[in-house]
Amino acid sequence: MSRIAYVNGQYVPYAQAGVHVEDRGFQFADGVYEVVAVKDGGFVDLEGHLVRLERSLDELRIDRPMSRAALSVVLAETVRRNRVRNGSVYLQITRGAARREFPFPDGVAPTFVAIARHLDWAKGAANAARGVAAITHPDIRWGRCDIKTVGLLPAALAKQAAKESGAYEAWLVDDQGFVTEGSSSNAWIVTKDNVLVTRKPTHEILSGITRSAVLELAKREGLKVEFRPFTVAEAQAAKEAFVSSATSFVIPVVTLDGKPIGNGGPGVVVARLRSLYEAHAATHSTDWQAPFLAS
Ligand code: PMP
């Protein structure tokens, strides 16, 4: 079966799925995106992703191509036409196509594309059972990492470095030696006293939708959370560590730059958070409101 993409109002076969050569997403990375997990035929945390999408668009003053409800229909239809029951849907909205000038063009409609792909959740579960390796990498991104833009070159460089080291993720480190987040995930540690530590969602990190859900689940579980930066050394000396993202859910990090974290294997706190998140994902709740920049 050939794959189908949604491109500016039409569902088209991949071979015909293109945008204009002067699209601002292509020339300036002037666009935003979201990735929503599809689990057993339902979206995971859809509402949170759509709320964040609107925030990203508003921050960059890109017009919303359609209402949140209409957008949900497009995503569902893209998933349906590609017969994806387990996987993810990717959507991208750019400021549109216009003659190449740096300032925003007038009267140009945004470009909106969506694609869906299959994903084997069993692979994620196997990673979670084993735990994964992470390396550190300098955080060379811009000053508005809270906006989910398609300007992903620093993230791609970091992920490539991780791949070349045989690691799953790169933890980005700021000029003061603090971990900001993963190249495509949020970074967490668990202290010896079972306190979760993760950064405040400032402009330095993306406020992950999975992160927000995990925070809520941890709160219900009675776990303490500290919102503060942590250093590489603190992470290496932590009891447990993990990453969260829409397509990873919750995955334990068991080595950082080759140094074992805790006993070098997945720990009980992270295993519990993953199972709580899996149960949450199975509810396909769409009423999740991410508390952006709040906690
Ligand atoms: N930080 C970065 C830089 C990311 O790219 C992602 C994944 N999109 C995340 C965090 C996790 O966000 P989410 O839980 O919404 O997937």
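What you see is a predicted model, and the numbers here were worked out from it, not measured in a lab.

Under the domain assignment, the protein chain is made up of domain 1 (4–119) and domain 2 (124–282). On a C-alpha basis, the centroid separation for the pair domain 1 and domain 2 is 26 Å. Opposite the 21 residues of domain 1 that make contact, domain 2 presents 20 residues. For the pair domain 1 and domain 2, the two sides together bury roughly 1700 Å², of which 63% comes from carbon and sulfur. Together, Tyr33, Asp45 and Arg52 form the three largest contributors to the area buried by domain 1 at its contact with domain 2, with a combined 34%. At the boundary of domain 1 and domain 2, one finds two salt bridges. Between Arg55 and Asp146 there is a salt bridge, and its shortest N-O distance comes to 2.9 Å. Joining domain 1 to domain 2, the criterion identifies eight residue pairs in polar contact (both at pLDDT 80 or more). Its residues assigned to classes, the side of domain 1 that touches domain 2 shows nine nonpolar, six polar and six charged.

Core analysis: the largest hydrophobic core is formed by 23 residues, its most contacted members being Phe43, Leu53, Leu71, Leu75, Leu91, Ile93 and Phe112. Contributions of two or more residues to this core are made by β3 (31–39), α2 (46–60), α3 (68–81), β5 (87–94) and β6 (111–118). If you tally residues by element for this core, the top one is α2, at five residues. Not counting residues up to four positions away in its chain, the partners in contact with Ile93 are Gly31, Val32, Leu53, Leu57, Ile62, Asp63, Pro65, Leu71, Pro110, Thr111 and Phe112. Among the nonpolar cores identified, the runner-up in size contains 20 residues, and Trp121, Trp188, Leu215 and Ala281 belong to it.

Moving on to the sheet that holds β6. Pairing is antiparallel across the open sheet formed by six strands, whose spatial order is β2-β1-β6-β5-β3-β4. The two strands at the open ends of the sheet, each matched to only one other strand, are β2 (10–13) and β4 (42–43). With respect to the sheet, α3 is in contact with β1 (4–7), β2, β3, β4, β5 and β6, its orientation differing from that of β6 by roughly 40°.

The final tally for this structure, using the stated rule, is eight aromatic pairs. Three or more aromatic residues joined by ring pairs form one cluster here, namely Tyr6, Tyr11 and Phe112. Sitting over the face of the ring of Phe104, Arg95 holds its NZ or CZ atom 3.4 Å from the ring centroid.

All right, on to the side chain of Arg199 then. Relative to the assigned elements, Arg199 resides in the loop between β11 (196–198) and α6 (209–220). The class for Arg199 is buried, based on a relative accessible area of 9%. Side-chain polar atoms of Arg199 contact the side chain of Asp174, separated by 3.5 Å. The contacts of Arg199, once residues within four sequence positions are left out, are Asp174, Phe178, Val179, Thr180, Glu204, Ile205, Arg211, Phe227, Arg228 and Pro229.

With that out of the way, let us pick up the packing of α2 against α3. Direction vectors running N to C along α2 and α3 enclose 120°, while the axes themselves pass 11 Å from each other. Taken as axis vectors, α2 and α3 run oblique relative to one another. For the pair α2 and α3, the crossing hand works out as right-handed. Contacts from Leu46, Glu47, Leu50, Val51, Leu53 and Glu54 of α2 reach α3 at Arg68, Leu71, Ser72 and Leu75. Its residues assigned to classes, the contact of α2 with α3 shows six nonpolar, one polar and three charged.

Among the residues making up helix α4 (residues 121–130), those that are buried are Trp121, Gly124, Asn127 and Ala128. Down the axis of α4, the smallest arc covering the buried residues is 115°, so these residues share one side. Exposed side chains of α4 directed beyond 90 degrees from the buried face belong to Lys123, Ala129 and Arg130. Residues of α4 that are buried sit in contact with β3, β5, β7 (132–138), β15 (249–256) and α8 (268–282). N-cap assignment for α4: the residue whose side-chain oxygen lies 3.0 Å from the backbone N of Ala122 is Asp120. One or two steps after α4, the chain reaches Gly131, where phi turns positive at roughly 85°.

Looking at the ligand, there are 18 residues lining it, with Arg52, Lys148, Glu181, Ile209 and Thr210 nearest. Here an oxygen atom of the ligand and a side-chain polar atom of Thr210 are 2.6 Å apart. Relative to its unbound accessible surface of 390 Å², the ligand loses 92% to contact with the protein. Of all the secondary structure elements, the ones that give two or more residues to the shell around the ligand are α2, β9 (178–182), α6 and β14 (240–245). A breakdown of the residues in the shell around the ligand according to their chemical character gives four nonpolar, 10 polar and four charged. Counting only domains with at least three residues in the shell around the ligand, you end up with domain 1 (4–119) and domain 2 (124–282).

Quick notes on the rules
- Residues numbered from 1 in each chain as written.
- Predicted model: local features only at pLDDT ≥ 70, side-chain atom pairs only at ≥ 80, totals over all residues.
- Heavy atoms only, no water.
- Domains from an automatic or database assignment.
- Contact = heavy atoms within 4.5 Å.
- Buried area = accessible area lost by both parts, 1.4 Å probe.
- Salt bridge = Lys/Arg side-chain N within 4 Å of Asp/Glu carboxyl O.
- Polar contact = N/O pair within 3.5 Å; in protein donor to acceptor, adjacent residues only side chain to side chain.
- Nonpolar A, V, L, I, M, F, W, Y, C, P; charged D, E, K, R; others polar.
- Core = buried A, V, L, I, M, F, W, Y, C linked by side-chain atoms within 4.5 Å.
- Buried < 20%, exposed > 50% of the residue type's maximum accessible area, 1.4 Å probe, protein only.
- Helix = DSSP H or I, 4+ residues; strand = E, 2+ residues; numbered from the N terminus.
- Pairing = 2+ DSSP bridges.
- Axes fitted to C-alpha atoms, helices over the stretch in contact; angles between N-to-C directions.
- Phe/Tyr/Trp six-rings, centres within 6.5 Å; stacked < 30°, edge-to-face > 60°.
- Lys NZ or Arg CZ within 6 Å of the ring centre and 35° of its normal.
- Parallel < 35°, antiparallel > 145°, perpendicular 65-115°, else oblique.
- Left-handed = near helix turned anticlockwise from the far one by under 90°.
- Arc of directions from axis to C-beta.
- Near = heavy atom within 4 Å.
- Areas by Shrake-Rupley, 256 points an atom, 1.4 Å probe, with all protein chains shown as cover.

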